[in-house]
Amino acid sequence: MNTIFKRLPLTGAMLSLALSLFLSSPVLAGGDHSHHGGMHKSATSQVNSLTVYKSASCGCCKKWISHLKENGLKVSFENSQQMSIIKDKHGIDKQYRSCHTGISQDGYVFEGHIPARYIKKFLKEKPANAIGLAVPAMPVGSPGMEHKNKFMPYQVLQLNKDGSSQVYAKINNDFQQ
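Nothing here was measured: the structure is a model prediction, and the numbers come from that model.

Visitor: Lay out the overall build of the chain with the relevant residues and their values.
Guide: Helices and strands together make up the secondary structure of the chain, namely 4 helices and 7 strands. Counted from the first residue to the last, the chain has its helices and strands arranged as α-β-α-β-α-β-β-α-β-β-β. Buried positions account for 37% of the 177 residues belonging to the chain. Counting only contacts in the chain whose residues sit at least 6 apart along the sequence, the fraction spanning at least 24 positions is 54%. Carbon and sulfur atoms make up 57% of the accessible area of the chain, which amounts to about 11100 Å² in all.

Below, the structure written as structure tokens:
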């Protein structure tokens with residue numbers, strides 16, 4: 001008798017899961033809805049994906065990649081000794097450069113220690129005439145550059161196709177990242 005009660009919570013949880021899967025199935029929703037232009041895409045297909053190019057020995061790049069993953073971005077990386085060539089290829093002027101470069105699946109560039117929330121916002125908005133975002137240099141306190149409780153205000157810049165930039169976001173404290 002005691003073993004039956006031990007199994008009930010697990011059985012109940014399994015029954016709940018099965019019921020919720022059944023109720024959300026396309027069969028109950030009236031059949032095939034593929035004509036709705038992908039409204040029922042899985043969460044995985046909606047995840048933004050970046051490839052980060054970095055130096056093999058850079059610790060802050062690894063920390064930035066962890067920050068991106070912890071905030072819902074799918075990230076792969078490649079160690080490179082050709083960072084200047086990669087940055088030149090993607091139109092990142094020297095004044096905007098940092099230690100790593102992220103390239104989205106649709107070709108946008110993300111240079112430096114940009115907070116994940118602004119990358120996600122940018123990829124959702126896709127501003128006209130923009131090639132991506134940059135945080136030049138390596139501001140203390142930015143994602144991947146944390147050091148004790150120190151923080152240095154910085155700007156996230158939008159890089160434009162004509163080589164110009166404009167302020168995309170001002171980060172004045174840790175809570176805005």
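Visitor: Could you give an account of helix α4 (residues 116-125), naming the residues involved and the relevant values?
Guide: Residues of α4 that are buried: Ala116, Tyr118, Ile119, Phe122 and Leu123. Projected down its long axis, α4 shows its buried positions confined to an angular sector of 165 degrees, all on one face. Backbone geometry just after α4 places Lys126 at a positive phi near 45 degrees.

Visitor: Give a detailed account of the pattern of salt bridges, specifying residues and quantitative values.
Guide: Under the defined criterion, the tally for this structure stands at 4 salt bridges. Between Glu111 and Lys87 there is a salt bridge, and its shortest N-O distance comes to 2.5 Å. On the criterion of sequence distance, the pair formed by Glu111 in strand β4 (residues 109-112) and Lys87 in helix α3 (residues 83-89) is long-range, its members being 24 residues apart. Lys87 shares its class with Glu111; the two are buried. The partner of Asp106 in a salt bridge is Lys126, and the shortest N-O contact between them spans 2.8 Å. Of this pair, Asp106 sits in the loop between β3 (101-104) and β4 while Lys126 sits in the loop between α4 and β5 (130-135), and the two are 20 residues apart along the sequence. On the basis of relative accessible area, Asp106 is assigned to the partly exposed category, the value being 38%. Looking at Lys126, the relative accessible area reads 40%, which means it is partly exposed.

Visitor: Could you give me a rundown of the nonpolar core, with the residues and numbers involved?
Guide: Membership of the largest hydrophobic core comes to 23 residues, with the highest contact counts inside it found for Phe110, Ile119 and Val156. Those elements that provide at least two residues to this core are β1 (49-54), α2 (59-70), α4, β5, β6 (154-160) and β7 (165-171). For this core, the leading source of residues is α4, giving 5 residues. Core analysis: the next-biggest nonpolar cluster, separate from the first, contains 11 residues, Tyr53, Met83, Val109 and Leu157 among them.

Visitor: Any chance you could break down the pairing of strand β2 (residues 74-79) for me, citing the residues and the numbers?
Guide: Taken together, the 6 bridges between β1 and β2 define a ladder with parallel strand orientation. Paired with Lys54 across the strands is Asn79, a residue of β2. Since β1 and β2 lie parallel, the crossover through α2 that links them has a hand, and here it is right-handed.

Visitor: Go over the side chain of Asn160, please, and point to the residues and values.
Guide: Topologically, Asn160 is positioned in strand β6. Taking relative accessible area as the criterion, Asn160 reaches 10% and is therefore assigned buried. One polar contact links Asn160 to Gln166, side chain to side chain, over a distance of 3.3 Å. Leaving out residues up to four positions away in the same chain, Asn160 has contacts with Asn129, Ala130, Ile131, Ser165 and Gln166.

Visitor: With reference to specific residues and values, describe α2.
Guide: Compared with an ideal rise of 1.5 Å per residue, which puts 12 residues at 16 Å, α2 spans 17 Å between its outermost C-alpha atoms and is within 8% of the ideal. Within α2 the residues assigned to the buried category are Cys60, Cys61, Trp64, Ile65, His67 and Leu68. An end-on view of α2 places all buried positions within 155 degrees of arc, on one side of the element. Looking at the buried positions of α2, the neighbouring elements they touch are β1, β2, β4 and α4.

Calculation notes
Residues numbered from 1 in each chain as written. Predicted model: local features only at pLDDT ≥ 70, side-chain atom pairs only at ≥ 80, totals over all residues. Heavy atoms only, no water. Helix = DSSP H or I, 4+ residues; strand = E, 2+ residues; numbered from the N terminus. Buried < 20%, exposed > 50% of the residue type's maximum accessible area, 1.4 Å probe, protein only. Contact = heavy atoms within 4.5 Å. Areas by Shrake-Rupley, 256 points an atom, 1.4 Å probe, with all protein chains shown as cover. Arc of directions from axis to C-beta. Salt bridge = Lys/Arg side-chain N within 4 Å of Asp/Glu carboxyl O. Core = buried A, V, L, I, M, F, W, Y, C linked by side-chain atoms within 4.5 Å. Pairing = 2+ DSSP bridges. Right-handed = clockwise from strand over helix to strand, strands pointing away. Polar contact = N/O pair within 3.5 Å; in protein donor to acceptor, adjacent residues only side chain to side chain. Expected span 1.5 Å × (residues − 1).

Everything listed is a geometric property; what it means functionally is a separate question.
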